[in-house]
Amino acid sequence: MELTINLLARKKSNLRIGFGMLAILFSILWIWIALAEKESLKIFDMLYFLVFLTLGIGHLIEGTGVSLVGFFGGKALIHINDKEIRIKQEPFTKGETIQWDELKSIKYKSAQYRITKTDDSTLMLKIPTDDYNRVQSIKETIKTFAGEKGIQIE
């Protein structure tokens, strides 16, 4: 049994797609109206166009379920297997990896694990709480592996 969860995975959002389309439409209309009123565009008009176009494209991409951070190489994940627990919550930071054979006990309290290692040092491992089913699968997987390894769990 192995659990891997991509924390950057997004659900499709029709609201964000609609907002993205509106922002792109607004940016195009801004240029069209500016050209209709005057013969040339000012720097302000071009800047306004670029800001709303970028905003619209960003919302359109995120609304389809693709993470922009993941698109640029960022990774955030939870990986639990029979050798280690690895949690990397922020895309461009170093995550935490704990080997099962280094663990003495695990205590779950309020969306975080207090882990006591064999050298009696403690470590707090926070888990993301934005999805209830994901939290339950993480808890169940950790409970299963801890039971197999003979690690005390509270």
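Everything numeric here is computed off the predicted structure, so don't read it as measured data. (Residues numbered from 1 in each chain as written. Predicted model: local features only at pLDDT ≥ 70, side-chain atom pairs only at ≥ 80, totals over all residues. Heavy atoms only, no water.)

Novice: Sorry, what's going on with the overall build of the chain here?
Specialist: Assigned secondary structure in the chain consists of four helices and eight strands. Counting from the amino terminus, the chain carries its helices and strands in the arrangement β-α-α-α-β-β-β-β-β-β-α-β. For 154 residues, the compact-globule formula gives about 15 Å, and the C-alpha radius of gyration of the chain, at 23 Å, lies well above that figure. For the chain, the spread of C-alpha atoms along the principal axes amounts to about 75 × 25 × 25 Å. Evaluated residue by residue, the chain yields a buried proportion of 33% over its 154 residues. Taking contacts inside the chain between residues at least 6 apart in sequence as the whole, the part at least 24 apart equals 52%. Carbon and sulfur atoms make up 59% of the accessible area of the chain, which amounts to about 10200 Å² in all. Taking the average place of the 21 positive charges on the side chains of the chain and the average place of its 18 negative ones, the gap between the two points comes to 2 Å. (Helix = DSSP H or I, 4+ residues; strand = E, 2+ residues; numbered from the N terminus. Rg over C-alpha atoms; globule rule 2.2 N^0.38 Å. Buried < 20%, exposed > 50% of the residue type's maximum accessible area, 1.4 Å probe, protein only. Contact = heavy atoms within 4.5 Å. Areas by Shrake-Rupley, 256 points an atom, 1.4 Å probe, with all protein chains shown as cover. Lys, Arg positive; Asp, Glu negative; His and termini not counted. Charge placed at Lys NZ, Arg CZ, Asp CG, Glu CD.)

Novice: When you look at the environment of Thr-116 in this model, what are you seeing that I'm missing?
Specialist: Assignment of secondary structure puts Thr-116 in strand 6 (residues 112-117). For Thr-116, a relative accessible area of 18% gives the class buried. Beyond its immediate chain neighbours, meaning those up to four positions away, Thr-116 contacts Leu-103, Lys-104, Ser-105, Ser-121 and Thr-122.

Novice: It is not clear to me how unusual backbone geometry should be interpreted in this structure. Could you clarify?
Specialist: A negative phi angle characterises most non-glycine residues, just as the trans form characterises most peptide bonds. Positioned with a positive phi, Ser-110 is a non-glycine residue whose angle comes to about 50 degrees. Tracing the backbone shows Ser-110 in the loop between strand 5 (103-108) and strand 6. The exposure class assigned to Ser-110 is exposed, which follows from its relative accessible area of 64%.

Shape descriptors only; they carry no functional weight alone.
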